[in-house]
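One letter stands for each residue in the lines below.
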Amino acid sequence: MGRRKTRAVTLMLLSSLSFSIMQVFVKMSSTEVGTFEQVFFRNLISMIIAGVTVYRAKLDLIPEIKKGGLALWGRSFFGFLGIVLFFYATGHARQADVAMLNRASPVFVTIFAGPILKEKVSKVQVCAVALCLVGAYISMQPSFDSNPLPLLCALGAAMVAGLAYTLLSYTKRFTSAPVIIFHFSLLSTVCAGLLMIPGFVLPSPKAMGMLLMVGLFAAGGQYLLTYAYQQAPASEVSIYQYSGVVFTALLSYLIFHETLTATSIIGAIVILAAIFWVFEYSKRKTVKN
């Protein structure tokens, strides 16, 4: 496998780990603050870090945003819409159902990568993504007996997230990573800030600490994900997001003492096998070329 692809895989795995740790703090803070407050802090920290990076790198913000055009605005809008739909679904449906449907985002990346990015998707990639979905189903054991609207929102969140990731891969041709992150974080922070006003609750010092951790690990995950999509084709790197299922299960076991069932372990093994299959396939394809 080429050095850039290996770096992309490493970055995506670290991104999934960072987002999984973020979910731990989201769960811990959810008893005290509302959804839009969590979304606000999730993006506020990223916006500050990205803003400092843009300033220190002396990047021309407005010209960079103009070069990104509608693709950059689409990445930011659909990224924020995906977060809102996911949080709504999380609050109104069974967690296993929501988590399962949300794992479909790499499928939509694979679908959108063809017409938008003109990427050729191999049969191995399609089969591996399908295998990851099977592994996620085995691990999460969803029943899909929740109300239809939240389930549709969860599926919609996966679809718009897949579109956002595809547009992220497209905008890398014109706009630098810090500007992409800053633009997305700014739009999300402003929108979430306005939406949280009606139900705003002043967080306690403990909750504030957890919200800061949500923001820090979200920022880490966002940076790692953005740079991963800059290193390799979207259809090849998106599958490694499924590692988040494994990381989340391990963290839930270690921190919340949730039981690791036989189905959870089998599902994790299936996902890891599919990821390893794609990794080895990409490595052999690079050697042949």
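Residues numbered from 1 in each chain as written. Predicted model: local features only at pLDDT ≥ 70, side-chain atom pairs only at ≥ 80, totals over all residues. Heavy atoms only, no water.

Considerations on the packing of aromatic side chains
Alright, step 1. Considering all chains together, one arrives at seven aromatic pairs under this definition.
Alright, step 2. Between Phe108 and Phe112, the aromatic rings sit 6.4 Å apart at their centres with planes inclined by 25°, giving stacked as the arrangement. Here Phe108 and its partner Phe112 are both found in helix H5 (residues 105–117), four residues apart, which amounts to about one turn of the helix.
Alright, step 3. Judged by centre distance (5.8 Å) and plane angle (20°), the ring pair of Tyr165 and Tyr229 falls under stacked. A residue pair is termed long-range when its members are at least 10 positions apart, and Tyr165 in helix H7 (residues 148–171) and Tyr229 in helix H9 (residues 205–231) qualify at 64 residues. (Phe/Tyr/Trp six-rings, centres within 6.5 Å; stacked < 30°, edge-to-face > 60°. Helix = DSSP H or I, 4+ residues; strand = E, 2+ residues; numbered from the N terminus.)

Remarks on the environment of Ile49
Alright, step 1. Structurally, Ile49 is set in helix H2 (residues 35–56).
Alright, step 2. Of the residues examined, Ile49 reaches a relative accessible area of 32% and is grouped as partly exposed.
Alright, step 3. Between the alpha carbons of Ile49 and Gly220 there is a distance of 9.7 Å; along the sequence they are 171 residues apart.
Alright, step 4. Ignoring sequence-local partners within four residues, the contact set of Ile49 consists of Leu216, Ala219 and Tyr223. (Buried < 20%, exposed > 50% of the residue type's maximum accessible area, 1.4 Å probe, protein only. Contact = heavy atoms within 4.5 Å.)

Remarks on the pattern of salt bridges
Alright, step 1. The tally for this structure, following the rule as stated, stands at one salt bridge.
Alright, step 2. Between Glu236 and Lys5 there is a salt bridge whose closest N-O contact spans 3.1 Å. Placement of Glu236 in helix H10 (residues 234–237) and of Lys5 in helix H1 (residues 3–29) is noted, with a sequence separation of 231 residues between them.
Alright, step 3. The buried category is assigned to Glu236, whose relative accessible area is 12%.
Alright, step 4. With a relative accessible area of 19%, Lys5 lands in the buried category. (Salt bridge = Lys/Arg side-chain N within 4 Å of Asp/Glu carboxyl O.)

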